[in-house]
Amino acid sequence: MELLNQIKEQARKLNRTIVLPEGEEIRTLKATDIILKEGIAKIVLLGDPGKIAHEAEKCGAKIEGAEVINPKTSGKRDTYADMMVEIRKKKGLTREEALEMLNDPLVYGPMMIKAGDADGEIAGAINATGDVLRPAFQFVKTMPGVSVVSGAFMMFLKDKSFGHDGVLVFADCAVMPDPDAQQLAEIAVTTAKTANAIVGMDPKVAMLSFSTKGSAKHDLVYKVAQATKLAKSMAPELKIDGEMQLDAALVKEVGELKAPGSEVAGQANVLVFPGLEAGNIGYKLVQRLAGAEAVGPVLQGMAAPINDLSRGCSVSDIVNMVAITANQAQ
Ligand SMILES: CC(C)(COP(=O)(O)OP(=O)(O)OC[C@H]1O[C@@H](n2cnc3c(N)ncnc32)[C@H](O)[C@@H]1OP(=O)(O)O)[C@@H](O)C(=O)NCCC(=O)NCCS
Ligand SMILES: CC(=O)OP(=O)(O)O
């Protein structure tokens, strides 16, 4: 876990402010205790201050160094509501509706970021991904040039012979249920960038399918082959190949047999799944059956760092994701 230690060390230097909308939740409170003790970031907890204090005491979490804000009574409500109405004026959002929405910490958190009152957000320990993402999409939006936000996982494997010294990056495991070829190509290019920025790897991207280089004929296969072509034209310098099966992507001998001459087959370190069903099931299989540590989903393409968690996350997952979010806020 040398890489995670480096990420935490860098976060300490950056000293960013990260807002945690699920401030009343026990794993979040325990993580806050660790983050503050280790100096990884400044933390803002959202929720009812009485409930937060009560839950923290119950689980023995020391959170005195965190700022606690109640979205229902905060002095920033009027300012944020004005901003929300302006951002959503074409959608006809009224001030009354904005104020009502701000009662929800999952809306208040992104508005803190939009207003420059926080650098990043992590949520999803008790909320479904869609509920975390929707307000982020509506008010923080995507970074310039990106139309599709997707979610990547850093998979830390026990077997160091795979990927980049045992680290593989998987996407999309969190956001786009059924990407078309253009969207899949964009996911591949942004995931390669994430792999390089966070893991420091030279990305070798495998576009996964149940077919390798035309071994099966099906519309689902053609979609991945087309996405590979599009991604190559979007990023000609990128090492990317497909469509290919998982064994061809990861195992040298199988790669040589099924995709001879490929610069990715047998040595892939970035796996792009054809759709969210495969991506979400795939990462959980590797996490739960192979015992890999799954860090993510890191959302790629947001205009500011807002990241999700799995509801199955541990305290250390939250700590890791806060450190990653702080690093993204550069
Ligand atoms: C991402 C998701 C929440 C979009 O939700 P939705 O209810 O369909 O919302 P809509 O399609 O109405 O989109 C809402 C807004 O988000 C934007 N949006 C949706 N998907 C987006 C994406 N991948 N990237 C960028 N923006 C996106 C839309 O353009 C829209 O913006 P607008 O309101 O300004 O026009 C939905 O696709 C989803 O639930 N995905 C699966 C999440 C999940 O359960 N993952 C598994 C566990 S990690
Ligand atoms: C990322 C993910 O799968 O989240 P959850 O387990 O909360 O649905």
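Residues numbered from 1 in each chain as written. Chains lettered and ligands numbered in written order. Predicted model: local features only at pLDDT ≥ 70, side-chain atom pairs only at ≥ 80, totals over all residues. Heavy atoms only, no water.

1. As for helix α9 (residues 219–234)
Put simply, the rule is: Elements are defined by DSSP. Helices are runs of H or I of four residues or more, strands are runs of E of two residues or more, and each kind is numbered from the N terminus. Between the first and last residue of a helix there are one fewer steps than residues, each counted as 1.5 Å, and that sum is the expected span. Accessibility here uses a 1.4 Å probe with only protein chains present; expressed as a share of the type maximum, an area under 20% marks a residue as buried, one over 50% as exposed, and anything in between as partly exposed. Comment: arc refers to directions from the helix axis out to C-beta atoms.
Here α9 contains 16 residues, and its C-alpha end-to-end distance of 22 Å stays within 8% of the 22 Å for a straight helix at 1.5 Å per residue. Burial in α9 covers these residues: Val 221, Lys 223, Val 224, Ala 227, Thr 228 and Ala 231. When α9 is viewed along its axis, its buried side chains cluster within an angular range of 155° and face the same direction. In this structure, α9 carries Asp 219, Lys 229 and Ser 233 as exposed residues pointing more than 90 degrees from its buried face.

2. Remarks on the environment of Gly 47
We count it as follows: Any two residues whose heavy atoms approach within 4.5 Å are treated as being in contact.
Inspection of the secondary structure assignment puts Gly 47 in the loop between β2 (42–46) and α3 (49–59). For the pair Gly 47 and Asn 103, spaced 56 residues apart in the sequence, the C-alpha separation amounts to 9.4 Å. Apart from residues lying up to four places away in sequence, Gly 47 is in contact with Glu 24, Ile 52, Ile 69, Asn 70 and Pro 71.

3. Quick word on unusual backbone geometry
Excluding glycine, residues mostly have negative phi values, and the peptide bonds linking residues are mostly trans. Cis rather than trans, the peptide bond between Ala 171 and Asp 172 has omega equal to -20°. Mapped onto the elements, Asp 172 comes out in the loop between β6 (167–171) and α8 (181–199). The omega torsion of the bond from Gly 242 to Glu 243 falls at -10°, within 30 degrees of zero and hence cis. Here Glu 243 shows up in strand β8 (residues 239–244). A positive phi angle, close to 55°, is found at Asn 15, a residue other than glycine. Here Asn 15 shows up in the loop between α1 (2–14) and β1 (17–20). For Asn 15, a relative accessible area of 40% puts it in the partly exposed group. Positive phi, normally seen in glycine, also occurs at Lys 213, with a value near 50°. Relative to the elements of secondary structure, Lys 213 occurs in the loop between β7 (204–208) and α9.

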